[in-house]
Structures are given as structure tokens and as C-alpha cells.
Amino acid sequence: MTDPSLHAEHQRPGSAGITVIESALSRVGEITVRRTLPRRGRRMIGAWCFIDHMGPADVGEEGLGVAPHPHIGLQTVTWLLAGEVLHRDSLGSEQVIVPGQLNLMTAGRGVSHSEEGTGYRGEIHGVQLWVAQPDRTRNGQPAFEHHAELPQVDLNSGSATVLIGEFAGVESPARRDSDHVGVDLDLRSGTLTIPVRPEHEHGLVVLSGSVHVDGTDVEPGRMATFDLGRDELTIATNEPTRVLLVGGVPFDEEVRMWWNYVARTREEIVIAHREWTEDSGRFGRVKSQLPRILVNPPPWNTQ
Ligand code: MN
């Protein structure tokens, strides 16, 4: 996770309880991504602690080309609008994902994975998100789920796909360790009011097109965040638009993130990183031709 913060950060207050956050450009494998979380001043939305908007960008046969790397204490959520990605992990999973499908990997105490090409050449567009695992599960066993189909909700001017959690009375089958929600909104032009839960804080990431929400314009590269206490959001569009809505009960555990690790203390991260670097077995092995990603230890490791 390199975060050169190529863009200056601006938080523009909109109407009551809305803040617009600018994403930062970062490099992941072969492509540039727009990183929307974490940003200074906004670390999480519910248990969501990381949002990368990937592309749209053209890739060659190598695809994303993300070599094996470790995770702890989080779930990776991969959702595509275009293209294909081959997921491989240390549990032995080997799963191609295409638009409309969900890959959900739970790291628990340790897992490693790669995100590779399938031979597909062309446009890749999608998101990869992380969900911080609560203390209750974060030291548990790693796991992987692929959902080839997800429930949809018809909306007046479009449709919603429920990736995680519950939306408009429809629930995703995907694993969820805390009270959070993720929904893809595929909107035609028009104005739409969607129900949300007042005990959730929310973020709206525009993937394509643009929206006008409660008096605030949001377009790709920006995320609108909404405070607790709302029971609906009104979204207006005048072009076909794809939006990712994330929400959740504010995460009440102090989270520390560095590189690909989500933990609670620096010591946990130092130990995990040493075990990855030394290939201790904690993170298993990914059957990949790509070499494992190795980076310097965290700056606070003085040993
Ligand atoms: Mn990863």
C-alpha cells in the first residue's frame, strides 16, 4: 500500500451532515487507482477501512498483476464493473471473477493472495474494499467466498445489487462479521430516494457518471460521506451512473493499519510483517508464478 497522496486533500462541507472527500492516486500492480479510504480526517465508514476505485484502465494479459502479499485482520471485497481478475490464495482458492460477482476473502490471523490476469485484455473497472474484522473474529481462521450471483432490488430509476448486508429488505448471502452494508447502484437519469439505516454512517463513491445528492455534486474521484441519523438519501442523476454505497455502525475498536495489515497495535504489525518476510508459514503459500511482494519493515521497527 503506497500512498504518495499525489492530490492535495480537500474536505468540502456540503449541506448538513455531508462531507465530500477527494481520493488520492495510488499504484496497485499494473494500474493507477483512486484511494478514497483511508484519508486524513476520515479513517473508516462503519467497518469499511479501505476503498480503492480501480480504473477504468486498459490491461494486458498480466491483468492487475498483483503478486502474492499478506493480510491480517480484514476482509477483502472485490467487485468489478468491467474486466476479469484471477484470485489465488494460500487456502488453495483459484477463482476468476467477472462483473456481477463478489469475491470475499477473510484474512483472520493470516492469509496471502494474488490478483492476476486471466488472458483477458481490455478494460478493467471495479473496486477493492477492506472491511476491518472485529476482535471477535480477527484472530480466527482465514476463509474465502465467491458469490456468482447476488440479490438485486428494482428501483424506480435503476437497480441495486446488495453486495454485503441488508438493503431495502433484501440481504446478501456474503459473510459479515459486523453491522455493515455495501450496495452497487446502477442508475438511469432521474431522482431516486433510497432507504438507509439511521444507526449507520454512509459513504457514496461515484464509479461512473455523476450524482447530485442533498444539494452536493459528486463525481468519480470523490466520495460523499453522511453522518448518522439519516433514514433515506435522495440521489439525482442526469446520465447513466454507477455508485457504490457503503455504510455501517461506527467501528468502536481502535484500528491500526500499515501496508496490508489491519491490527490494533504496532507490535502485532511488526510480528506479522516479520513472519511474512521470513515466510514462517503463517501466511501459507500462493500457487503463483509471480514473486512474493516484500517491502521494508514499518518505520517504527527499531530492531
Ligand atoms: Mn490484497
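First, a word on what this report is: a plain description of the structure on this page. Since the structure is predicted, the reported quantities are computational estimates derived from the model, not experimental observations.

Definitions and limits used
Residues numbered from 1 in each chain as written. Predicted model: local features only at pLDDT ≥ 70, side-chain atom pairs only at ≥ 80, totals over all residues. Heavy atoms only, no water. Donors = N, O, S within 2.8 Å, 3.2 Å for Na, K, Ca; no water. Helix = DSSP H or I, 4+ residues; strand = E, 2+ residues; numbered from the N terminus. Buried < 20%, exposed > 50% of the residue type's maximum accessible area, 1.4 Å probe, protein only. Pairing = 2+ DSSP bridges. Axes fitted to C-alpha atoms, helices over the stretch in contact; angles between N-to-C directions. Salt bridge = Lys/Arg side-chain N within 4 Å of Asp/Glu carboxyl O. Core = buried A, V, L, I, M, F, W, Y, C linked by side-chain atoms within 4.5 Å.

### A short note on the coordination of the manganese ion
Looking at the manganese ion, one finds its protein donor set to be H69 (NE2), H71 (NE2) and H113 (NE2), positioned 2.1 Å from the metal centre. When the donor residues of the manganese ion are listed from N- to C-terminus, their spacing reads H-x1-H-x41-H. You can see H69 sitting in strand β6 (residues 66-71) and its partner H113 sitting in strand β11 (residues 111-116), a full 44 residues away along the chain. Just as H69 is buried, H113 falls in that class too.

### Section: the sheet that holds strand β9 (residues 94-97)
Note: strands within a sheet are paired through backbone hydrogen bonds, in either parallel or antiparallel orientation. An order of β6-β11-β8-β9 is seen for the four strands of this open sheet, with the pairing classed as antiparallel. Because the sheet does not close on itself, it has two edges, and the strands there are β6 and β9. Put simply, the sheet's adjacent strands are angled 20 degrees from each other on average, direction ignored. As paired strands, strand β8 (residues 85-89) and β9 are joined by four bridges and run antiparallel to one another. In the strand pairing of β9, H87 is matched with Q95.

### A word on the pattern of salt bridges
Taken as a whole, this structure holds 21 salt bridges when the rule is applied. With its nearest N and O atoms 2.7 Å apart, the salt bridge here joins D52 to R35. Taken together, the residues D52 in strand β5 (residues 48-59) and R35 in strand β4 (residues 31-37) connect sequence positions 17 residues apart. Using a relative accessible area of 4% as the deciding quantity, one classes D52 as buried.

### Digging into the nonpolar core
Of all hydrophobic cores here, the largest spans 32 residues; its most connected members are W48, V77, L102, L129, I164 and L244. Those elements giving two or more residues to this core turn out to be β5, β7 (74-82), β10 (102-106), β12 (122-132), β15 (158-164), β20 (201-208) and β25 (241-248). Among the elements that line this core, the one with the most residues is β12, at five residues. Ranked by size, the runner-up nonpolar core spans 24 residues in total, among them L192, L204, V206 and I235.

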